[in-house]
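Results of the structural survey
Residues per chain, in single letters:
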Amino acid sequence: MIQKYVFGTPFPTDAVVMNMEPAKDSLPFFTVDEQGRFTYALAEDDIVYGLGEQIRGINKRGWQYVSWNYDNPNHHEDARSLYGAHNFILIRGAVTFGAFFDYAGKMTFDIGYTNRSQMTIQAAKNDLVVYIITGETEKDIVKQFRQIIGRSYIPPLWAFGYGQSRWGYKTEQDIRTVAEKYKAAGIPIDSIYLDIDYMERYKDFTVDTERFPNLKKFSEEMQAQGIHLVPIIDAGVKIEKDYDVYEEGVEKNYFCKNAEGGDFVGAVWPGRVHFPDFLQPEARAWFGKKYSVLTEQGIDGFWNDMNEPAIFYTEDRLANTCAEIEKLTSGNMGINEYFAFTGMVAGLNGNIGDYDKFYHNVDGKMVKHSEVHNLYGMNMTRSAFEALQKISPDKRTLFFSRSSYIGAHRYGGIWQGDNKSWWSHILQSMQQLPALNMAGFLFTGCDTGGFGCDTTEDLVLRWLQYSLFTPLFRNHAADGTREQELYQFENVQATGEMIRIRYSLIPYLYSEFLKAALHDEMMFKPLVFDFPEDDMAKQVEDQLLLGNELMIAPIYKQNAQGRYVYLPEEMMLVRMRSCEDYETEVLPKGHHYVAAALDELVFFIRNQKAIPFAKAAENTAELDMHALTMLGYPDCSYELYVDDGISSDMENSLKVSML
Ligand code: GLC
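All values derive from a computational prediction rather than experimental measurement. (Residues numbered from 1 in each chain as written. Predicted model: local features only at pLDDT ≥ 70, side-chain atom pairs only at ≥ 80, totals over all residues. Heavy atoms only, no water.)

Here we come to the domain arrangement of the protein chain. Entries for the protein chain in the domain assignment read domain 1 (2–149), domain 2 (151–234 + 280–307 + 363–415) and domain 3 (509–658). Taken together, the contacts link 14 residues of domain 1 with 16 residues of domain 3. Counting each side, the surface lost to burial between domain 1 and domain 3 is near 1,300 Å², with a carbon and sulfur contribution of 54%. Summed over the three residues of domain 1 that lose the most area to domain 3, namely Ile58, Lys139 and Arg146, the buried surface amounts to 41% of that side. At the boundary of domain 1 with domain 3, the tally comes to 2 salt bridges. One salt bridge connects aspartate 530 with lysine 139, and the closest N-O pair in it is separated by 2.5 Å. Looking at the side of domain 1 that touches domain 3, the elements that each hand over two or more residues are β4 (47–50), β7 (88–92) and α1 (138–149). (Domains from an automatic or database assignment. Contact = heavy atoms within 4.5 Å. Buried area = accessible area lost by both parts, 1.4 Å probe. Salt bridge = Lys/Arg side-chain N within 4 Å of Asp/Glu carboxyl O. Helix = DSSP H or I, 4+ residues; strand = E, 2+ residues; numbered from the N terminus.)

The next subject is the nonpolar core. In terms of nonpolar packing, the biggest core is built from 195 residues, with Tyr291 and Phe604 touching the most fellow members. In terms of residue count, the dominant contributor to this core is helix α13 (residues 492–518) (15 residues). Counting 31 residues, the second largest nonpolar core, distinct from the first, contains Tyr40, Val48, Leu51 and Leu82. (Core = buried A, V, L, I, M, F, W, Y, C linked by side-chain atoms within 4.5 Å. Buried < 20%, exposed > 50% of the residue type's maximum accessible area, 1.4 Å probe, protein only.)

A few words on helix α3 (residues 215–224). The set of residues buried in α3 consists of Leu215, Phe218, Ser219 and Met222. Relative to the axis of α3, the buried residues are bounded by an arc of 100° and lie together on one face. Of the residues in α3, the exposed ones pointing more than 90 degrees away from the buried face are Lys217 and Ala224. Here the buried face of α3 lies against α2 (172–184), β13 (191–194), β14 (228–234) and α6 (292–295). Trailing α3 by a residue or two, glycine 226 shows a phi angle of about 80°, which is positive. (Arc of directions from axis to C-beta.)

Scanning the model with the defined rule gives 3 cavities of 30 Å³ or more in all. By volume, the largest cavity is sized at about 60 Å³. Forming the boundary of the largest cavity are His75, Gln416, Asn419, His425, Gln428, Ser429, Gln432 and Cys446. Considered class by class, the residues forming the lining of the largest cavity number 1 nonpolar, 7 polar and no charged. Size it by volume and the second largest cavity reaches roughly 40 Å³. What lines the second largest cavity is simply Arg462, Gln465, Ala553, Pro554, Ile555, Glu600, Leu601 and Val602. (1 Å grid on protein atoms, 1.4 Å probe; cavity = no way out; pocket = protein on both sides within 12 Å on 5 of 7 lines; lining within 4 Å. Points joined across faces, edges and corners; volume = space filled by probe spheres on them. Nonpolar A, V, L, I, M, F, W, Y, C, P; charged D, E, K, R; others polar.)

Most of strand β8 (residues 97–102) sits inside the fold, with 6 of its 6 residues counted as buried. In β8, alternate side chains face the same way, and those of Phe97, Ala99 and Phe101 on one face and Gly98, Phe100 and Asp102 on the other are all buried. Inspection of the sheet shows β7 paired to β8 by 4 bridges, in the antiparallel sense. Among the inter-strand pairings, phenylalanine 88 is bridged to a residue of β8, identified as phenylalanine 100. Between β7 and β8, which follow one another and run antiparallel, lie 4 residues. The pairing of β8 with strand β11 (residues 128–134) spans 6 bridges and is classified as antiparallel. If you follow alanine 99 over to β11, its bridge partner there is isoleucine 132. (Pairing = 2+ DSSP bridges.)

The contact between helix α12 (residues 457–467) and α13 brings their axes to 10 Å, and the two run at 5°. Considered as vectors, α12 and α13 are oriented roughly parallel to each other. Side by side, α12 and α13 meet where Leu461, Leu464, Gln465 and Ser467 of the first sit next to Ala494, Thr495, Met498, Ile499 and Arg502 of the second. Its residues assigned to classes, the contact of α12 with α13 comprises 5 nonpolar, 3 polar and 1 charged. (Axes fitted to C-alpha atoms, helices over the stretch in contact; angles between N-to-C directions. Parallel < 35°, antiparallel > 145°, perpendicular 65-115°, else oblique.)

Another aspect to go through is the site of the ligand. Among the 13 residues in the neighbourhood of the ligand, the closest are listed as Asp195, Asp305, Arg402, Asp418 and His476. Aspartate 195 has a polar side-chain atom sitting 2.5 Å from an oxygen atom of the ligand. For the ligand, the accessible surface in isolation is 310 Å², of which the surrounding protein chains cover 98%. Looking at side-chain class alone, the shell around the ligand contains 8 nonpolar, 1 polar and 4 charged residues. (Near = heavy atom within 4 Å. Polar contact = N/O pair within 3.5 Å; in protein donor to acceptor, adjacent residues only side chain to side chain. Areas by Shrake-Rupley, 256 points an atom, 1.4 Å probe, with all protein chains shown as cover.)

The 3 strands lie next to each other as β15-β17-β16, forming an open sheet whose pairing is antiparallel. The sheet terminates laterally at β15 (237–238) and β16 (266–268), the two strands that pair on one side only. In this sheet, strand β17 (residues 271–274) lies alongside β16 in antiparallel orientation, the contact comprising 3 bridges. Across the sheet, the residue bridging to glycine 266 is valine 273, located in β17.

Here is the structure:
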C-alpha cells in the first residue's frame, strides 16, 4: 500500500506519474517537529537501504547524506553528495517500509550520524510530499514504488556492448586508431565515445571540422565496423556572438535568469555560459531539437554531462575572490592567510551560494534555482529523450546522464560519474547498484578502469570482472591519466577474454534487464531480499544477486588471489578464463574461500538454475541471440526475454520463450 502525505506547498517534480489522493490520516512511522524534521527511531538491527547514487555501503546507517546534485570528483568516504538525488529509502527491521521524500531542493538524511539510534530527515523548506510504502517484502515495496514512478528507460541492445571512451581523443584519426587497435586485438566493441574535444570550442551541437572534417562520413565508416559513436552534450551554452544556440536562447528567453532579469552567467568548459532553463517546456523542446544536428550525421547515442549544473565559477565570486586574494597577498602571507587563500580558490567550484543567484521561469513565476536544483539534470535528459522520440519515433536512442533525480530513470540511464582508478571504487560502484535499481535506474554502470588517476593492468582486469555484469559497460578515463584502452596492457589476451565473456552473457543480461524494466523489479539485489530469513545474508555488503539466476562476488582488492564468499544456499561456482575454458563446482551453503587467479572470472549460479550463454561475437549486431547453450545446473529451464533490440515499441517485438 502507498500513502501520500503533503506538507506545505511542494514544487511538482514529476517524479511520480501516478495520480494519487493525499491520505486522510497523519504520517505513520515518523514524528514531524515544527522545524520540519522527520524523525524515526532506529532499532539496533534495522537496516536502511536506498538513496541511489551515494557513497558508503548498501546499508546506509552511520552517515549523513545530503541530496544536492553536485559535480564531485572526489567520491571519498566523507563526501555527502554526488551527482544524483534519489530520496527513496527502505527500512528493514521490526517494521519494514519504504519512504520517498519528493523534494526538489536540498535535503539531508541523517541516518544514525548525529545519534546512532535515530534517523532524521529534513528538507531545506517544509514543502514536500512524502510517500510511505508498506508491503509483504522488500521486493514488493520496491515494486509498488517503481509502479508509481513509471517504467524505466530501455536502451537499444547495442548499448549492452562494450564501449571505449577517453577524454583526450581529439581527432577522427584518434578514434579510428582506437577502433583499429580493438579490431587488431580481436576484442569485441560496440561504441566509442566522443568527449568534449569533438566540439568547436566546447559549443554544444557543433563539430570541430578540423578534427572531424566529415562526421557523417566518419560515423558511417564506424557503423560499417559495427561501432556507434556516442558524443557528449554539456548543459552550459557558450556565450558567443553568432553561435545559433546562444543567439536563439537569448532571443527566446530560454536561459536561466539572474535577479536583475538578465541571462545568468556561469563558467564551465567553454568559458562563460548560459544555462538552458530546462524547467520551461518550450526551452526543453527547443534544446532537444538541437540533438538532430548530430542524429542527422548518423549519431544514435548521447551522454549528457555537467548537468547538476556544474559551475566552475561565477564572475562575481571570481572577482571578489581575486580582490580578497590581493589583500591576503599584499603583505607577508602568514599561514592562516595561506589557508584562507587556498580555501577561497577551492570554494569557487560548485559554490552552493551561486545556486541562489539564478532563476527558472515556471509558468511565468520566477523560481530560485536552489529550490529546484535537483531537477535540472533530469530535465536536460528529458529534453533530449522527448525530442528524439519525435526525431526518430521508431528507434530507441542511447542516453545517459551524469546528474539525475527520480523520474529521470524514464528518459535515460546514468553513469556513476568521475570515480578514480582505486580498488575501493569497484566496491563503491557495486554498492550503489541495488539502491539505483530501487529508484528506477537500471541502465547504469561506472567508468571501468577508473576515470581519475593512473590505472594498472591488474586493476583493469579485476574491474572488468565486475563491470562485465553491469548494463552500461564503458571504459572511460580522464585527460592526462595513463591510457587504459585494453590493448595498452601486456595481457591483452586476458582482458579480451573478459569482453568476450560479456558478449556471451548479453542474452542473459539483456533478458534480465527487460524483465526488471517491464515488471518494475530490481536487476541487482542485496542477498537478503531473496533470503529474508538468513541473518548472515543481511550483512553481506560485497556480493549481489543478479537477476534470478546469478550471484556476483567480484574481487576488489589489490593482489588478492581469491576472496571469501558467503553462499545463502547451495550454488554452482563458475571459474572462467574464457568462454570455452572454464570449470564449475557445486558448493554448499555457507562460507567459502574462492581462489581466482587474475585472469579468472568467478561468479555463481543459484541452486537449480541455469542461464543462456551465447557464442561471443565482434559486436552486438553479430551476436546470435538465439543460438544459445545453457550454463548451470542440468535440466533447468530459463525464461528468455528478447526483442529486436531497437524498436521504440519494444513490446511488439518482445518474445518470451522457455529454454
Ligand atoms: C566531466 C565528466 C567526464 C568527462 C569530462 C570532460 O568530468 O564527468 O566524464 O570526461 O567532464 O568532458
